[in-house]
Amino acid sequence: MRSFEFFEPTTLAEASRLFAQEHAQLLAGGTDLVIGMKALTETPQSVISLQKIAGLAGITTDADGGVSIGVMTRVRDVELSEEIRNGYTALAEGAAEIGSIQIRNLATLGGNIAHASPAADTVAALLALDAQVDIASADGERSVPIHALFTGPGQTILTAGEIMTRFRLPSPASGSHYIKHKIREVMDLAFIGVAAAVDMDNGTITGARIGLAAVAPTPIRATEAEELLAGKSLTDAILAEAGEAAAAACSPISDLRCSAEHRREMVDVLTRRTVREAVARAHA
Amino acid sequence: MSDYTVVGQKVPRVDAIEKVTGAAHYGADVHPAGMLYGKIIRSKHAHANIIRIDTSEAEKLSGVRAIITQADVLSGRRVFATDKVLYLGEPLAAVAATDPDIAEEAAELVHIEYEVLPVVQDVMEAIKPSAPRLHGDATKDGPNRRGISTQLRKLARDKENDHGDEIRSLEAELEKYPDEVYYNISAESHTEAGDVEQGFADSDVVVEDTYVIPRVHQTYMEPHVSVASADSSGKVTVWASTQGPFAIRSGIAGTLGIPLTQVNVIGTTMGGGFGGRFGVIITHVPAVLLSQKTGRPVRVQMTREEEFLDGRPAPGCVIKLKTGATKDGRILARQALAFWDSGSVSGASIGSTIRVRGVYKIPNLKVDAYGVHTNKSGTAAYRAPGAPQAIFAGESQLDEIAERIGMDAVEFRLMNMREEGDAVPAGGSEPKVGYKETLQAVADAAGWWERETDENQGWGVAVGDWTNGCGPGGVYISVHEDGSVRIFHGSMDITGTDTSISQIIAEILTVPYENVTITRGDTDSAPYSTGSGGSVVTFTMGNTAKLAAEDTHRRILELASERLNTNVDNLELREGAVHIITADPPKSISLGELAAYSLSTTGGPIVGKGSFARQPSTPALAAQIAKVEVDPETGRTRVLKLIASQDVGFAINPMTVEGQIEGGVVQGYAWAMMEEMQYNESGNVNPGFVDYRVPTSADLPTVESVIVEVPAPNGPYGAKGVGEPPITPTLATMANAVRDAVGIRINELPIKPEKVVTALQRNGH
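These numbers were taken from a predicted model, which means no experiment stands behind them.

Conventions and cut-offs
- Residues numbered from 1 in each chain as written.
- Chains lettered and ligands numbered in written order.
- Predicted model: local features only at pLDDT ≥ 70, side-chain atom pairs only at ≥ 80, totals over all residues.
- Heavy atoms only, no water.
- Helix = DSSP H or I, 4+ residues; strand = E, 2+ residues; numbered from the N terminus.
- Rg over C-alpha atoms; globule rule 2.2 N^0.38 Å.
- Buried < 20%, exposed > 50% of the residue type's maximum accessible area, 1.4 Å probe, protein only.
- Contact = heavy atoms within 4.5 Å.
- Lys, Arg positive; Asp, Glu negative; His and termini not counted.
- Charge placed at Lys NZ, Arg CZ, Asp CG, Glu CD.
- Buried area = accessible area lost by both parts, 1.4 Å probe.
- Salt bridge = Lys/Arg side-chain N within 4 Å of Asp/Glu carboxyl O.
- Polar contact = N/O pair within 3.5 Å; in protein donor to acceptor, adjacent residues only side chain to side chain.
- Nonpolar A, V, L, I, M, F, W, Y, C, P; charged D, E, K, R; others polar.
- Domains from an automatic or database assignment.
- Pairing = 2+ DSSP bridges.
- Axes fitted to C-alpha atoms, helices over the stretch in contact; angles between N-to-C directions.
- pLDDT = per-residue confidence, 0-100.
- Phe/Tyr/Trp six-rings, centres within 6.5 Å; stacked < 30°, edge-to-face > 60°.
- Lys NZ or Arg CZ within 6 Å of the ring centre and 35° of its normal.
- Patch = residues over 30% accessible without salt bridge, like charges linked within 9 Å, V, L, I, M, F, W, Y side chains within 5 Å.
- Areas by Shrake-Rupley, 256 points an atom, 1.4 Å probe, with all protein chains shown as cover.
- Parallel < 35°, antiparallel > 145°, perpendicular 65-115°, else oblique.
- Left-handed = near helix turned anticlockwise from the far one by under 90°.

Side note on the overall build of chain B
- Check the secondary structure of chain B and you find 19 helices and 28 strands.
- At 28 Å, chain B has a C-alpha radius of gyration in line with the 27 Å of a compact globule built from 765 residues.
- Taken over the C-alpha atoms alone, chain B extends approximately 90 × 75 × 60 Å along its principal axes.
- Counting the 765 residues in chain B, one finds 61% classified as buried.
- Across chain B, the fraction of contacts at a sequence separation of at least 24, relative to all contacts at a separation of at least 6, is 80%.
- Averaging the coordinates of the 70 positive side-chain charges in chain B and doing the same for the 99 negative ones gives two points 3 Å apart.

Listed below in structure tokens is the structure:
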């Protein structure tokens, strides 16, 4: 590891000012950053911890019936939160897929998203659950839908000094579910990840959102598949169409883990499965 | 067997507490005063000529104490590459610095100029004439299946006589078969018994297939580490994490031209070995060279990435296998042609190809095996070296035959298995073995005969054989005045061997197991001991310990006879005291009292000695059955049941034996389902645990172990080596179970989801 300067600001404004400097990195849980620093793929000159800034961690209920999750909320807390497990099941399932329990006790939801890996385990769920991302900087605050956050692998729209503060989720969908395609049962990276959230009314899908991870340079929504499902009741035929549409929305790569073709096929399979399960949960 | 009180019991391991509390002292815990941190500078290309190595900038970095290259190896033995590198990560130089970060920074500042060469990673490509040659122009050396080149090489080596005519005629012969000439060959091995062509001709069913087994890493938890300290007299001390301190001592002495006893190797607690911890030049020699140059102790410790780039993993291989059988289920012939990926040097376990014969009566057998050079690091042993690969091919194909002739997979195997006195194809005859008992035991335990399956579920069975090695060892025993017993030896504890040794000595000296403790000596102090690999330790050191305990026993009775003033024949050692058998009222003297008494006798303290080198070993069988469920849409396989039986001869500690069985099964499962070192033209592309997957406890059900005991005549209490056999059949067990579940046979490991999906689609799924 190269030497660096370490800062523990107590206010967002101070953190933002420090973060606006060149070669600065934010430290949340450190489960990605520290590994990168040890491997010398990250060589920041200053590391700014968000640990001492009040109000960045925790899950709170919003007035509109939704919830806000602070960026410094530990992934393990997201996984175990009754509110998330009941209302935003796909997110709890995504959180539970990250690393080991030890890692999840350190890692934060904000870090998992800020790292901007297309394979992040919580990102498909946050897409399906239509999360808004609140961003603060010295110039004030702004908010973007999560699907607009990413610009490429490891890349976001965040500009110098901008720090994500919380994820706001609207009131719960009727049912949601996340499935990760992997080889190892636990502690594996997502070959692909698919999350679905559905709103149901009397047996009809009134709205569906599908988030896909590790199938394109950024996490994406399968909007054509979503539109196919809207207004329909669940049948094998409509699921097959939605699966195919989701697969068509992908632009996966072939790498050492598997081929692009396999990824596309698995998007088809897992889209059908996640939507079916999300609908089943809505009925439960 | 119930007469025993300590052996045969599940006593806790002697190292249990220090392991679970973290008190155990591993290689990286060694920190002599003034220690420097070494770092090896490695090739960034898989195949390249080295134009220049420039260390000048790195040398200027503050905190750097030495940078060494091959020029610093005065013995001339190859430690670092000089003009050419053959794999990504090959060592080119090493640096010692006051701080590990400085060492790392210095490594980056060593400038190396390369001329990049074409790379070959696939053995089937490497044998072609078009392949880049790793070791010069090997065209003329290209061996072929007729063994002509072997003869040629033999003749060329004979400088005493002129074989010109013979050589010319053989070369002419060689040219007749250009397609059979293989290139980049590092070694070859040929075995033949009977007439395979006739055997195939007489067969009703002949199956031929190609099996591909990947290179896998031993993935011991503790990466290679050594701390070396060379003093001004030239004496070298090395703290080494190794399976064989004495092998490391002679390796270092030989490589660097140091007198043998000027090297002292202190074995540190081993964080796993599995055969991969015998290497001399991986870290030990660089550490010694850096210490010699700086005059300070130096630690060289590998990162996990370095382990993957420059460890010595198990070789992958391609095996073309053909088997013929009659329709009533007799195997008549088997032929194998194997290409083992030995990497940049020779040394892959190509001889293990013979294990395709299994434990079956096969009258006609032919095995041709080649080691093939590719742009990878060299290989080393991994738990029954070569056997899991060969047995995967053999046992997969056996299931195919059974299926074609409509026989049950267990019945088919039982019918063909050898028994005592049966000829071993190309290798003598069987002693008393427990093959059938072991397979029968696992079938019974698994409920094979009444097995049930739901949709997409299946059962697989396979067996694997292995025979433990044997080697020299020595043990000393002292009995102290408090009646406790102290053992002294120089063998490294591997998966509970010190526990077994303690049990054997406690049994013979009739003392509580807790009263026996072990001190491990270094190579300066302890008697020679063979390396802890090849399932030798309990066999070798168990026999040694037994001899030492019997020697101690003799001395105890001798002392007691003197002290109690009676003939030795009237005495009996039991429950930690010597009793006069015929005395009434009873009369005895405790071991502690005898030890105290011994200090003032002419004969002196109670010391026993045992020394042993070799006795014939007996083959052991591992038989396994798995029940799996395959998701045909995602290709993922879940193991529902895993039952493993093993003939262990005699289980000195059934708990550690079960641990060995479980460990072997898990490693075999991993090799079958997920582990694979992946390479492309730039080298190893998954040098870490993110993309080199080892299983976790969540991937497997509890392994059910079934211990079978058919005693080995020369093993201590009948014990056979237990460490290696359990990995040998698991690869085929898994493939056979997947086949039974969804009707596809995966011959190219690992059985990754994508391969299953693709195969099912090919099957019209």
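Anyway, onward from the coordinates.
Description of the interface of chain B and chain A
- Across the boundary between the two partners, chain B contributes 27 residues, which contact 25 residues of chain A.
- A buried area of about 2200 Å², summed over both sides, lies between chain B and chain A, and 48% of it is on carbon and sulfur atoms.
- Between the two partners, chain B and chain A, sit six salt bridges.
- Summed over the shared surface of chain B and chain A, the number is 13 residue pairs in polar contact (both at pLDDT 80 or more).
- Mapped by element, the contributors of at least two residues to the side of chain B that touches chain A are α3 (100-109) and α19 (753-762) of chain B.
- Grouping the amino acids of the side of chain B that touches chain A by side-chain chemistry returns ten nonpolar, five polar and twelve charged.

Comments concerning the domain arrangement of chain B
Residues and elements named next belong to chain B.
- Under the domain assignment, chain B is made up of domain 1 (31-117 + 224-301), domain 2 (317-418 + 433-468 + 617-762) and domain 3 (470-612).
- Across the boundary between the two partners, domain 1 contributes eight residues, which contact 14 residues of domain 2.
- Carbon and sulfur atoms make up 58% of the area that domain 1 and domain 2 hide from each other, which totals about 820 Å².
- Considering only the side of domain 1, the residues that lose the most area to domain 2 are Leu 86, Tyr 87 and Phe 274, jointly responsible for 57% of the buried surface there.
- Our enumeration of links across domain 1 and domain 2 arrives at zero salt bridges.
- Between domain 1 and domain 2 we count three residue pairs in polar contact (both at pLDDT 80 or more) in total.
- Of the residues contributing to the side of domain 1 that touches domain 2, the split by class is five nonpolar, three polar and no charged.

Looking at the sheet that holds strand β11 (residues 175-181) of chain A
Residue and element names in this part refer to chain A.
- Strand order in the open sheet formed by four strands is β11-β12-β13-β14, and the pairing between neighbours is antiparallel. The sheet terminates laterally at β11 and β14 (220-221), the two strands that pair on one side only.
- Relative to β14, strand β13 (residues 204-213) runs antiparallel, the two being bridged by two bridges. For Leu 212, the partnering residue across the bridge sits in β14 and is Ile 220.
- Where helix α5 (residues 89-96) meets the sheet, its contacts fall on β11 and β12 (192-201), and the angle it forms with β11 comes to roughly 25 degrees.

So, the confidence of the model for chain B
- Looking at chain B as a whole, the pLDDT averages 95, with 97% of positions reaching at least 70.
- Across residues 137-143 of chain B the pLDDT falls below 50, and counting only partners more than four positions away or on other chains, this stretch makes 20 contacts in the model.

Concerning the sheet that holds strand β22 (residues 588-590) of chain B
Residue and element names in this part refer to chain B.
- Taken together, three strands build an open sheet; the order of strands is β20-β21-β22 and the sheet is antiparallel. Only two strands of the sheet have a single neighbouring strand rather than two, namely β20 (571-574) and β22. Strand after strand, the sheet turns through a mean of 20 degrees between neighbouring axes, direction not considered.
- As judged from the three bridges shared by strand β21 (residues 577-580) and β22, these two strands associate in the antiparallel manner. Opposite Val 578, over in β22, you have Ile 589 as the bridge partner.
- Lying on the sheet, helix α16 (residues 591-598) is in contact with β20, β21 and β22; it crosses β22 at an angle near 75 degrees.

Focus on the packing of aromatic side chains
Residues and elements named next belong to chain B.
- Tallying each qualifying case throughout the model produces eleven aromatic pairs over all chains.
- Seen from their ring centres, Tyr 182 and Tyr 370 are 5.1 Å apart, and the 70 degrees between their planes marks the pair as edge-to-face. Of this pair, Tyr 182 sits in the loop between α6 (164-175) and β7 (185-193) while Tyr 370 sits in strand β15 (residues 364-373), and the two are 188 residues apart along the sequence. Each of the two residues, Tyr 182 as well as Tyr 370, counts as buried.
- Measuring from ring centre to ring centre gives 5.7 Å for Phe 339 and Tyr 370, while their planes differ by 15 degrees; the resulting arrangement is stacked. Linking Phe 339 in strand β14 (residues 331-343) with Tyr 370 in strand β15, this pair joins segments that are 31 residues apart in sequence.
- Members of the aromatic cluster, joined through ring pairs, are Tyr 4, Phe 650 and Tyr 717.
- Here Lys 376 stacks its cationic end above the ring of Tyr 679, 5.0 Å away from the centre of that ring.
- Residue placement shows Arg 451 over the ring face of Trp 448; its charged tip is 3.8 Å from the ring centre.

Overview of the domain arrangement of chain A
Residue and element names in this part refer to chain A.
- Segmenting chain A into domains produces domain 1 (5-49), domain 2 (59-169) and domain 3 (175-283).
- For domain 1 and domain 2, the distance between their C-alpha centres works out to 19 Å.
- The partner domain 2 presents 15 residues to the ten residues of domain 1 that form the contact.
- Both sides of the domain 1 and domain 2 interface together cover about 990 Å² of buried area, and 72% of this is carbon and sulfur.
- For the pair domain 1 and domain 2, the interface holds zero salt bridges.
- Linking domain 1 to domain 2 there are two residue pairs in polar contact (both at pLDDT 80 or more).

Let's talk about a negative patch on the surface
- Together, Asp 444, Glu 450, Glu 452, Asp 454 and Glu 455 of chain B make up a negatively charged patch on the protein surface.
- Since its relative accessible area comes to 55%, Glu 450 of chain B is described here as exposed.

Digging into the packing of helix α10 (residues 236-248) of chain A against helix α11 (residues 260-283) of chain A
Residue and element names in this part refer to chain A.
- Between α10 and α11, the least distance of the axes is 8 Å, while the angle of their chain directions is 135 degrees. Classified by the interaxial angle, the pair formed by α10 and α11 is oblique. Seen from above, α10 lies across α11 with right-handed handedness. Across the interface between the two elements, Asp 236, Leu 239, Ala 240, Ala 242, Gly 243, Glu 244, Ala 246 and Ala 247 of α10 pack against Arg 264, Val 267, Asp 268, Thr 271, Arg 272, Val 275 and Arg 276 of α11.
- Here the residues of the contact of α10 with α11 sort into seven nonpolar, two polar and six charged.

Here's the deal with the pairing of strand β3 (residues 64-68) of chain B
Residue and element names in this part refer to chain B.
- Among the five residues of β3, four are classified as buried, and the element is accordingly described as predominantly covered.
- Pairing of β3 with strand β5 (residues 91-97) involves four bridges; the strand directions are antiparallel. Looking at the pairing, Ala 66 lines up with Ala 96 of β5.

Some remarks on the pattern of salt bridges
Residues and elements named next belong to chain B.
- Counted under the stated rule, the structure contains 62 salt bridges over all chains.
- With a shortest N-O distance of 3.9 Å, Glu 400 and Arg 404 are connected by a salt bridge. Residue Glu 400 and its partner Arg 404 are located together in helix α11 (residues 387-405), separated by four residues, close to a single helical turn.
- Overall, the relative accessible area of 8% leaves Glu 400 in the buried class.

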